[in-house]
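Structural description and commentary
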Amino acid sequence: MSQESSPAPHKAGDRELVLRVMPMPADSNANGDVFGGWIMAQVDIAGSILPARLSRGRITTVAVNEFIFKQPVSVGDLLSFYATVTRVGRTSVTVHVEVFAERNPENLHVVKVTEANLTYVAIDREGKPRPITT
């Protein structure tokens, strides 16, 4: 039998691939581009991965500090979401998320399409802020 271990605690400054997803036609607007709101939702999910692991429990989004759409996203782009913890407070964690699109697999082209800074707070069962113990 092999013994499983929990992942090492995440340190501020480590960049990690936290999500990969391909938008589908239902995620696009009338112009044929992917909805900004859909991308925002995926960034929120991706951004929450490291704070949840770091805080060892439930978290909630408390702020979207900055959100920049650099290029449109198209159906069929393969999106990779990279997260970096930029700050750990007593109850909060701030994360920088970068999103890259892989386009045209026959002649691969990778571009940064979005980046954002979000803050999450560790919460208890009643939804009250709780200290992060690392």
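Model, not experiment: these values are computed from the prediction.

Our next topic: the nonpolar core. Counting residues in each nonpolar core, the largest one holds 27 residues, and the members touching the most others are V43, L79, F81, V97, V99 and V113. Contact partners of V97, with chain neighbours within four places excluded, come to V43, G47, F81, Y82, A83, T114, E115, A116 and L118.

So, on to the packing of aromatic side chains. Per the counting criterion, the structure on display carries 2 aromatic pairs. Where F67 meets F69, the ring centres are 5.0 Å apart and the plane angle is 45°; that geometry is what we call tilted. Residue class for F69 comes out partly exposed when judged on its relative accessible area of 42%. Measuring from ring centre to ring centre gives 5.8 Å for Y82 and F100, while their planes differ by 80°; the resulting arrangement is edge-to-face. With a gap of 18 residues between them, Y82 in strand β3 (residues 78–88) and F100 in strand β4 (residues 92–103) connect regions that are remote in the sequence.

Parameters and conventions
- Residues numbered from 1 in each chain as written.
- Predicted model: local features only at pLDDT ≥ 70, side-chain atom pairs only at ≥ 80, totals over all residues.
- Heavy atoms only, no water.
- Core = buried A, V, L, I, M, F, W, Y, C linked by side-chain atoms within 4.5 Å.
- Buried < 20%, exposed > 50% of the residue type's maximum accessible area, 1.4 Å probe, protein only.
- Contact = heavy atoms within 4.5 Å.
- Phe/Tyr/Trp six-rings, centres within 6.5 Å; stacked < 30°, edge-to-face > 60°.
- Helix = DSSP H or I, 4+ residues; strand = E, 2+ residues; numbered from the N terminus.

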